[in-house]
Amino acid sequence: MKSIQMVDLVSQYEKIQTEVDQKLLEVVRSSQYINGPEVKHFSEELADFLSVKHVIPCANGTDALQIAMMALGLKPGDEVITASFTYIATVEVIGLLGLTPVLVEVDPLTFNLDPEAFRAAITEKTKAVVPVHLYGQCANMEEILEIAKEFDLKVIEDTAQAIGADYTFSDGKVVKAGCMGNIGTTSFFPSKNLGCFGDGGAIFTDDDELAVSIRQMANHGQTIRYHHDNIGVNSRLDSIQAAVLRIKLRELNSYTDARQNAAQYYDNAFKDESALEVPMRDASSTHVFHQYTLKTKGVDRNAMQEFLASKNVPSMIYYPIPVHRQKAYMDERYENMDFTNTDDLCDRVISLPMQTELSINQLEYIVNSVKEFLNK
Ligand SMILES: *Cc1c(COP(=O)(O)O)cnc(C)c1O
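Each residue is numbered by its place in its chain's sequence as written, counting from 1. Restriction of local features to residues with pLDDT of at least 70 applies here, the model being predicted, together with a cutoff of 80 or more for giving and counting side-chain atom pairs; totals for whole chains, interfaces and linings are based on all residues. Water and hydrogen atoms were dropped before computing side-chain values, which therefore reflect all heavy atoms in the structure.

Side note on the sheet that holds strand β1 (residues 54-58)
Note: strands within a sheet are paired through backbone hydrogen bonds, in either parallel or antiparallel orientation. Heads up, the rule is: Being paired, for any two strands, means DSSP has found at least two bridges between them. For helices the rule is a DSSP run of H or I covering at least 4 residues; for strands it is a run of E covering at least 2, with both sets numbered from the N terminus onward. Working convention: axes come from line fits to C-alpha atoms, limited for helices to the stretch in contact. Angles between N-to-C directions cover 0 to 180 degrees.
Spatial ordering of the open sheet is given by β1-β9-β8-β5-β4-β2-β3, a layout of seven strands whose pairing is mixed. In this open sheet, the two edge strands, each paired with only one partner strand, are β1 and β3 (100-104). Within this sheet the neighbouring strands show an average axis-to-axis angle of 25°, counted without direction. Two strands pair when backbone bridges link them, and strand β2 (residues 79-83) and strand β4 (residues 126-130) are joined in this way by four bridges, in the parallel orientation.

Here we look at a nonpolar patch on the surface
Heads up, the condition is: Patch members must show over 30% relative accessible area and no salt bridge, and they are joined within 9 Å when carrying like charges or within 5 Å when they are nonpolar side chains of Val, Leu, Ile, Met, Phe, Trp or Tyr. Per-residue accessibility takes into account occlusion by the displayed protein chains alone, with areas from the Shrake-Rupley method and a 1.4 Å probe. A pairing counts as a salt bridge when a side-chain nitrogen of Lys or Arg comes within 4 Å of a carboxyl oxygen of Asp or Glu. Classification of residues uses two cut-offs on accessible area relative to the type maximum, computed with a 1.4 Å probe and protein chains only: under 20% is buried, over 50% is exposed, and between them is partly exposed.
Side chains of Leu25, Val28, Tyr33 and Ile34 sit close together on the surface and give an oily, nonpolar patch of about 340 Å² of accessible area. With respect to the element layout, tyrosine 33 can be found in the loop between α2 (17-30) and α3 (37-50). On the basis of relative accessible area, tyrosine 33 is assigned to the partly exposed category, the value being 38%.

Quick word on the packing of aromatic side chains
The condition is simple: Aromatic pairing here means that ring centres of Phe, Tyr or Trp (its six-membered ring) are within 6.5 Å. Orientation follows from the plane angle: under 30 degrees is stacked, over 60 is edge-to-face, and everything else is tilted.
Here the structure, examined in full by the defined rule, presents 14 aromatic pairs. Considering the side-chain rings of tyrosine 87 and tyrosine 319, the 6.3 Å spacing of their centres and the 35° angle between planes classify their relative orientation as tilted. Highlighted residues: tyrosine 87 in the loop between β2 and α5 (88-96) and tyrosine 319 in the loop between α10 (301-310) and α11 (340-348), separated in sequence by 232 residues. One aromatic cluster in this structure is built from Phe85, Tyr87, Phe111, Tyr135, Tyr318 and Tyr319.

A few points about the nonpolar core
Definition in use: Within this scheme, the nonpolar core is defined by two criteria: the residues are buried Ala, Val, Leu, Ile, Met, Phe, Trp, Tyr or Cys, and they are joined through side-chain atoms within 4.5 Å. Each domain's extent is set by a domain assignment, obtained either automatically or from a database.
By size, the foremost hydrophobic cluster in this structure holds 83 residues, and its most contacted members are Leu46, Tyr266 and Phe270. Sort the elements by how many residues they give to this core and helix α9 (residues 239-270) lands first, with nine residues. Here this core gathers at least three residues from each of two domains, domain 1 (9-246) and domain 2 (251-375). Counting residues in hydrophobic clusters, the runner-up holds 25 residues, among them Ile56, Ala71, Ala211 and Ala218.

Focus on the packing of α10 against helix α12 (residues 360-374)
This is how it is decided: Angle categories: roughly parallel below 35 degrees, roughly antiparallel above 145, roughly perpendicular from 65 to 115, and oblique for all the rest. For any pair of crossing helices, the crossing counts as left-handed if the nearer helix is rotated counterclockwise from the farther one by less than a right angle, and right-handed if it is rotated clockwise. When checking whether two residues touch, look at their non-hydrogen atoms; a contact exists if any pair is within 4.5 Å. The nonpolar class holds Ala, Val, Leu, Ile, Met, Phe, Trp, Tyr, Cys and Pro. Asp, Glu, Lys and Arg form the charged class, and all remaining residues, Gly among them, are polar.
Where α10 contacts α12, the axes come no closer than 10 Å and their chain directions differ by 135°. Here α10 is positioned oblique relative to α12, judged by the angle of their axes. In this structure, the crossing between α10 and α12 has a hand that is right-handed. Residue-level contacts link Ala303, Met304, Phe307 and Leu308 of α10 to Ser369, Val370, Glu372 and Phe373 of α12. Within the contact of α10 with α12, the residues separate by chemical class into six nonpolar, one polar and one charged.

What to know about helix α7 (residues 141-150)
Spelled out, the test is: Taking the helix axis as origin, the arc is that swept by the directions to the C-beta atoms.
Looking only at α7, the buried set comprises Met141, Ile144, Ile147 and Ala148. Buried residues of α7 fall within an arc of 130° about the axis and therefore sit on the same side. Those residues of α7 that are exposed and angled more than 90 degrees off the buried face are Glu146, Lys149 and Glu150. Looking at the buried residues of α7, the elements they touch are α6 (115-121), β4, β5 (154-158) and β6 (166-168). Backbone geometry just after α7 places aspartate 152 at a positive phi near 55°.

Considering the environment of histidine 287
Inclusion rule: Side-chain atoms alone can form a polar contact between residues adjacent in sequence; in general such a contact is a pair of N or O atoms within 3.5 Å, and within protein one must be able to donate a hydrogen while the other accepts it.
Along the polypeptide, histidine 287 turns up in the loop between β10 (276-277) and β11 (292-296). A sequence separation of 120 residues divides histidine 287 from tyrosine 167, and the C-alpha atoms of the two residues are 9.5 Å apart. The contact partners of histidine 287, leaving out residues within four places of it in the chain, are Tyr135, Gly136, Gln137, Gln260, Met280 and Arg281. Polar contacts involving the side chain of histidine 287 include one to the main-chain amide nitrogen of phenylalanine 289, which spans 3.0 Å.

Focus: the sheet that holds β10
The strand order β10-β11-β12 describes an open sheet built from three strands, whose pairing is antiparallel. Each end of this open sheet is capped by a strand with a single partner; those strands are β10 and β12 (349-352). Of the pairings in the sheet, the one linking β11 to β12 comprises four bridges and is antiparallel in character. Residue pairing for β12: lysine 295 is matched across the bridge by valine 349. In the packing of α9 onto the sheet, contacts are made with β10, β11 and β12, and the angle to β11 comes to roughly 20°.

Here we look at the site of the ligand
Keep this limit in mind: In this text, near means that some heavy atom of the residue lies within 4 Å of the molecule or strand in question.
Taken together, the residues surrounding the ligand are Asn60, Gly61, Thr62, Tyr87, Ala89, Thr90, Val132, Asp158, Ala160, Gln161, Ser187 and Lys192. At 2.7 Å, a side-chain N or O of serine 187 approaches an oxygen atom of the ligand. Between an oxygen atom of the ligand and a side-chain N or O atom of lysine 192, the distance comes to 2.9 Å. Contact with the protein chains removes 92% of the 380 Å² of surface that the ligand exposes when unbound. Elements with a minimum of two residues in the shell around the ligand: α4 (61-71) and α5. For the shell around the ligand, a count of residues per class yields four nonpolar, six polar and two charged.

Some thoughts on the pattern of salt bridges
Charged atoms that come close allow side chains of opposite charge to pair. Considering all chains together, one arrives at 20 salt bridges under this definition. In this structure, glutamate 150 and arginine 119 form a salt bridge, with 3.2 Å as the shortest nitrogen-oxygen distance. Note that glutamate 150 is positioned in helix α7 and arginine 119 in helix α6, a separation of 31 residues in sequence. For aspartate 344, the salt bridge identified is with arginine 348, shortest N-O distance 2.8 Å. Of the two residues, aspartate 344 and arginine 348 are both situated in helix α11; the distance of four residues between them amounts to about one turn of the helix. By relative accessible area, which is 30% here, aspartate 344 ends up partly exposed. Note on arginine 348: relative accessible area 19%, which makes it buried. Through salt bridges with shared partners, a single network forms among Lys23, Glu26, Glu38, Glu45 and Arg246.

Below you can see the structure in the form of structure tokens.
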């Protein structure tokens, strides 16, 4: 059996190697390393896949979030609400722009932004909300969008972990993650569901005017060369990454199937384990399983990780410390807010290997190792 990894990018590459190698050489020989045709084609193909009007590529998922907020014209002092249970990038850019991040509680079952906590945190200064579709399943967008509309707030979806997930509204309308709010952002970091061979990111919107501002912000604040209407940034996807992404985008649905199959295998194996809670599936969203994350009950999680490591089964804690407890992001207002679910999740979650190349043998070995620990 091949050694088990959280993410096995080599085996994934080997399956598309001929095509990738040839394409990479083509790009190298073309010398169009920046803003070449590969970038344009990839943006169009991703827009098609998502059924969104505009896809603006950029350098990474963190930049995508920052550029989205710049394009929306958010100003220092404006408050932006997001979940405390997320990767730091979501919150970091809010702070970097001089905006005020306001962290709120998540739902204990979906791990996503709790709409009622969002509503309760809204003040006169609130201008935007950033739902994060954590681990690959969409936040409760129906309610989040309703609240945002009621208070005239902008919605930026952090789709770094959920590209390809489908959300079904109560009227039956199905929309891809990242295409429901004003702007969606994603990351093509190698280990993401659609990953390149370096850094990459993209911004989605259906709004023509916003698309112009986003492009401008990502390109030194210029729409016409050497005419800088705004202070922007320099954030580009390069042609080599776009070439890889074009090939992988064609595989994305099959990658998602592989992840969902692995998740199903884990679910079946763990459904009767009283010490583990398998990830809940929200009826409104498909789950693309960026992570397969269990909630432990009455388990010494450190001991579990150590035991698994001794069996050469990697595991990870996403995330051990909530953002509202991070030194850089502490705020007095959190003292009077409820973060019971967020704190509890940080203490209890554990993520098992989740990727496109897990074999049945590997899954069986992982499951048996977990059970061996639980029955010790
Ligand atoms: C990975 C990730 C990002 C940042 O993406 P980078 O490409 O690493 O900058 C932002 N938000 C979430 C939820 C992520 O998982």
